[in-house]
Amino acid sequence: MKQETATVLEHDNFQGDYRILRLAAPTVGPLVVPGQFLHLQIPQLGDRILRRPFSIYKAGAEGVSILYKPVGRGTEAMKPLKAGDSVDIIGPLGNGYPQMTEGKIPVLVAGGYGNAALYLKARDLPIKGVAFFGGRTAQDILCIEEFKALGWDVRPTTNDGSLGVEGLVIDAFDPWMKDQNARDLELFVCGPNPMLKAMGDRAIEHDFTAWLSLDKNMACGVGACLTCVIKRKTADGWEWARCCKDGPIFESREIIWEEQV
Ligand SMILES: Cc1cc2nc3c(=O)[nH]c(=O)nc-3n(C[C@H](O)[C@H](O)[C@H](O)COP(=O)(O)OP(=O)(O)OC[C@H]3O[C@@H](n4cnc5c(N)ncnc54)[C@H](O)[C@@H]3O)c2cc1C
Ligand code: FES
């Protein structure tokens, strides 16, 4: 984990309500593993000191990119950022997705910014399987062509039926899963917490592995304040686990869901 003053290289509309922010971050960039995030200080927020967490979409010679949707005070305040501006970042943070188990078939499941969070993992996985992506409309499903170009069999679902199967991700996943030997599957999931829980429930019921990237409010981002804790199962009960440092990625069997959906 490093702190760096990064220079904005690009800040533009990406798709639908999403924007892309690309930063020159030569200190943080080379350290990134798939599934990690940046904690970004928004200069326009002035004396409001809380940073905002964003999954790392891409990291390489071209810089470090995030895809974000303006949804509140912080992300709205990011809109005027322009090439040449400076942004203070801490990262890469979080544990990242683990290596895939040999002999398993990888499956991606994502919604919203989850597609961006899974891109580096999708690129690095040695086998390309099926990717189930959900959104309200076609505009909400990010980077489909990029995942296809990597070799993924992309199966979109939209609430309004404007792309792929009409409904939720599970409406495409469940019929597909019936024809598989579920135990062979290993899922990498990022999206809204109800989607994570739905996939986690299936993993437990059908005996496959599912790595779920949890979305929790974060304050410090580095494990110090305990804002982001969840209950994690242990051999003899449960313990607090910090999403920012012990997560955000947990295997489905670790998570006690009652308080975080
Ligand atoms: C690991 C992770 C990765 C993410 N990746 C992305 C991404 O790639 N793209 C994207 O668009 N969004 C992403 N998000 C969500 C993004 O951080 C939020 O959209 C953003 O925080 C909203 O900020 P805001 O100021 O616009 O909204 P606001 O609603 O104004 O503020 C929300 C912020 O306040 C803080 N906050 C709210 N309630 C509390 C509380 N009770 N205690 C402490 N702090 C609180 C949170 O830290 C949050 O950052 C991610 C979130 C997490 C946890
Ligand atoms: S946000 Fe402070 S401990 Fe996780």
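Residues numbered from 1 in each chain as written. Chains lettered and ligands numbered in written order. Predicted model: local features only at pLDDT ≥ 70, side-chain atom pairs only at ≥ 80, totals over all residues.

Trainee: If you had to explain the overall build of the protein to someone new, which residues and values would you point to?
Mentor: Of regular secondary structure, the protein possesses five helices and 17 strands. Relative to the globule expectation of 18 Å for 261 residues, the C-alpha radius of gyration of the protein, 18 Å, shows essentially globular dimensions. Projected onto its principal axes, the C-alpha coordinates of the protein cover approximately 50 × 45 × 30 Å. A total of 261 residues make up the protein; the buried ones form 43% of that total. For the protein, long-range pairs separated by at least 24 residues make up 61% of all intrachain contacts whose partners lie at least 6 apart in sequence. (Helix = DSSP H or I, 4+ residues; strand = E, 2+ residues; numbered from the N terminus. Rg over C-alpha atoms; globule rule 2.2 N^0.38 Å. Buried ≥ 20, exposed ≤ 12 C-beta atoms within 10 Å, placed from the backbone. Contact = placed C-beta atoms within 7 Å.)

Trainee: Outline unusual backbone geometry, listing residues and values.
Mentor: Residues glycine 91 and proline 92 are joined by a peptide bond in cis, for which omega reads -10°. Considering the arrangement of structural elements, one finds proline 92 in strand β7 (residues 86–93). With an omega dihedral of 15°, the bond running from glycine 247 to proline 248 counts as a cis peptide bond. Assignment of secondary structure puts proline 248 in the loop between β15 (237–242) and β16 (249–251). Located in the positive-phi region is cysteine 143, a residue other than glycine, with phi close to 65°.

Trainee: Describe the pairing of strand β12 (residues 185–190), and please don't skip the residues or the numbers.
Mentor: Where burial is concerned, most of β12 is hidden: six out of the six residues are buried. With burial as the criterion, each face of β12 is covered, one bearing Leu185, Leu187 and Val189 and the other bearing Glu186, Phe188 and Cys190. Where strand β8 (residues 105–111) and β12 come together, six bridges link them in parallel fashion. In the strand pairing of β12, isoleucine 105 is matched with leucine 185. Across five bridges, the pairing between β12 and strand β13 (residues 209–213) is parallel. Of the residues in β13, the one forming a bridge with leucine 187 is alanine 210. (Pairing = 2+ DSSP bridges.)

Trainee: Which residues make up the domain arrangement of the protein, and what values go with them?
Mentor: Taken domain by domain, the protein holds domain 1 (2–93) and domain 2 (105–256). A straight line from the C-alpha centre of domain 1 to that of domain 2 covers 22 Å. Across the contact, 19 residues belong to domain 1 and 17 residues belong to domain 2. Breaking the side of domain 1 that touches domain 2 down by element, the ones donating at least two residues are β4 (52–55), β5 (58–60), β6 (63–68) and β7. Split into classes, the residues belonging to the side of domain 1 that touches domain 2 amount to eleven nonpolar, five polar and three charged. (Domains from an automatic or database assignment. Nonpolar A, V, L, I, M, F, W, Y, C, P; charged D, E, K, R; others polar.)

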